[in-house]
Amino acid sequence: MRYLDDEGSVNNRVDATFSDMSAASTYIGFDKYDSGRAARDAYQVSPEWSDARLVGVFDILQLYEKGTPRVRIPFWGGDNPASGKLEPFAMAYPEFRSGMAVQLHADRREIKFHSLYIIPE
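Here the residue numbering is sequential within each chain, running from 1 through the sequence in written order. This being a predicted model, a pLDDT of at least 70 is required before a residue's local features are given, and a value of 80 or more before pairs of side-chain atoms are given or counted; all residues contribute to the totals for chains, interfaces and linings. Side-chain calculation: all heavy atoms of the structure are included, whereas hydrogens and water are not.

1. Thoughts on the nonpolar core
Grouping buried Ala, Val, Leu, Ile, Met, Phe, Trp, Tyr and Cys residues that are joined through side-chain atoms within 4.5 Å yields what is termed a nonpolar core. Any residue under 20% of the maximum accessible area for its type is buried, any over 50% is exposed, and the rest in between are partly exposed; the area is computed with a 1.4 Å probe on protein chains only. Residues Ile 28, Leu 54, Phe 58, Leu 63, Val 71, Ile 111 and Phe 113 are the most contacted members of the largest nonpolar core, which totals 13 residues. Working definition: helices are DSSP H or I runs of at least four residues, strands are E runs of at least two. Numbering for both runs from the N terminus. Elements with a contribution of two residues or more to this core: strand S1 (22-28) and strand S5 (104-112). Looking at this core, the element that brings in the most residues is S5, giving 3 residues. Once residues lying within four places of it in the same chain are set aside, the contact partners of Val 71 are Ile 28, Leu 63, Leu 104, His 105 and Ala 106. In this structure, Tyr 43, Val 45, Ala 52 and Ala 101 belong to the second largest nonpolar core, which totals 7 residues. Residues count as neighbours in contact if any of their non-hydrogen atoms are within 4.5 Å of one another.

2. Topic: the packing of aromatic side chains
Aromatic ring pairs are described here by two measures, namely the spacing of the ring centres and the angle between the planes. Any two rings among Phe, Tyr and Trp, with Trp reduced to its six-membered ring, count as a pair given centres within 6.5 Å; such a pair is stacked if its planes are under 30 degrees apart, edge-to-face if over 60, and tilted if neither. Evaluated as defined, the whole model comprises 5 aromatic pairs. When the centroid spacing of 5.3 Å and the interplanar angle of 75 degrees are considered together, the rings of Trp 49 and Tyr 93 count as edge-to-face. Of this pair, Trp 49 sits in the loop between helix H2 (36-43) and strand S2 (54-57) while Tyr 93 sits in the loop between helix H3 (76-79) and S5, and the two are 44 residues apart along the sequence. Between Tyr 93 and Phe 96, the aromatic rings sit 6.3 Å apart at their centres with planes inclined by 40 degrees, giving tilted as the arrangement. Three or more aromatic residues joined by ring pairs make a cluster, and in this case those are Trp 49, Tyr 93 and Phe 96. Positioned over the ring face of Trp 76 is Lys 85, at 3.9 Å from the centre of the ring. Any Lys NZ or Arg CZ that is within 6 Å of a ring centre and within 35 degrees of that ring's normal is treated as a charge sitting over the ring.

3. Structural notes on unusual backbone geometry
The phi torsion at Met 21 lies on the positive side, around 55 degrees, for a residue other than glycine. Residue position: Met 21 is located in the loop between helix H1 (14-20) and S1. Among the residues examined, Met 21 registers a relative accessible area of 26% and is labelled partly exposed. Although it is not a glycine, Met 100 adopts a positive phi angle of roughly 80 degrees. As for its placement among the helices and strands, Met 100 is situated in the loop between H3 and S5. Overall, Met 100 belongs to the partly exposed group, its relative accessible area being 48%.

It is worth stressing that arrangement in space is one thing and function is another; only the former is reported here.
Here you go:
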């Protein structure tokens, strides 16, 4: 998740995320990264989209309802259904580095976190 906005101020959602220990989530993954740069590289995230420095740890069982997953594999190129192609591994934006992180799309599902922490740039 984004920690700092482009001009260096703390993103306006950070306080609420820490206060509520939850956030509406879109793209989620399961690997741990030591820096925002490493996370952005793995998920092919432009620094203009997010600094990827706010990390939430959560129980994946909340992604299910009555045994049915409530997350999905995103479509190619920013979750574009018109592409007709799924993107389980971040690959659509090679201009933003290596990619290949496993990713799911949570359709802005509210995810409750056990812990939150900020990683360095």
